Amino acid sequence: MIYHIVMWRWKPEIGEEEKAQRLADMETHLTGLVGKVPGLLTAKVVTAPFPSSTHDVALITTMERAEDINVYAAHPEHVKAADTYVRPFVCDRVCLDCDMA
């Protein structure tokens, strides 16, 4: 099984009150990609990381094959969700793709 894990920090201008709505939007639209993007098996948005965490939000997805990462990245539904509900509000993106077979 292939894991695609992405983490972000909030942009400084995103206030505490706004974060809850942004998290809800991220969760709805990113998890909603399952069944729309070929090869995407699961998607989970981590909305309450422990205080020891270095980032504020994470997305953990599983995919069938390593090639599915590129399909996911370019898929119009993913691009729309990311451009609308994620990228405008976050910074300091880090990513880890791995095979957990």
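Remember, it's a predicted structure, so these values are computed and weren't measured experimentally.

1. Examining the environment of Arg 87
Turning to its location among the elements, Arg 87 is positioned in the loop between α3 (76-85) and β4 (90-99). Separated by 75 residues in sequence, Arg 87 and Pro 12 place their C-alpha atoms 13 Å apart. Setting aside anything within four residues of it in sequence, one finds Arg 87 in contact with Lys 11, His 78, Val 79 and Ala 82. In terms of polar contacts, Arg 87 uses its side chain to reach the side chain of Asp 83, at 2.4 Å.

2. Details of the side chain of His 4
Secondary-structure assignment places His 4 in strand β1 (residues 2-10). When its relative accessible area of 6% is taken as the criterion, His 4 is described as buried. Looking at His 4, its side chain comes within polar contact range of the side chain of Asp 97, at 2.5 Å. Apart from the residues lying within four places of it in its own chain, the contact partners of His 4 are Leu 59, Ile 60, Thr 61, Met 63, Ile 69, Tyr 72, Arg 93, Cys 95, Leu 96 and Asp 97.

3. Thoughts on the layout of surface pockets
The volume enclosed by the largest pocket comes to roughly 230 Å³. Taken together, 15 residues make up the lining of the largest pocket; nearest its centre are Val 6, Trp 8, His 78, Arg 87 and Arg 93. Sorting the residues of the lining of the largest pocket by element identifies β1, α2 (68-74), α3 and β4 as the ones contributing at least two each. The residue inventory of the lining of the largest pocket, partitioned by class, reads 11 nonpolar, two polar and two charged.

Each value, and the rule that gives it
Residues numbered from 1 in each chain as written. Predicted model: local features only at pLDDT ≥ 70, side-chain atom pairs only at ≥ 80, totals over all residues. Heavy atoms only, no water. Helix = DSSP H or I, 4+ residues; strand = E, 2+ residues; numbered from the N terminus. Contact = heavy atoms within 4.5 Å. Polar contact = N/O pair within 3.5 Å; in protein donor to acceptor, adjacent residues only side chain to side chain. Buried < 20%, exposed > 50% of the residue type's maximum accessible area, 1.4 Å probe, protein only. 1 Å grid on protein atoms, 1.4 Å probe; cavity = no way out; pocket = protein on both sides within 12 Å on 5 of 7 lines; lining within 4 Å. Points joined across faces, edges and corners; volume = space filled by probe spheres on them. Nonpolar A, V, L, I, M, F, W, Y, C, P; charged D, E, K, R; others polar.

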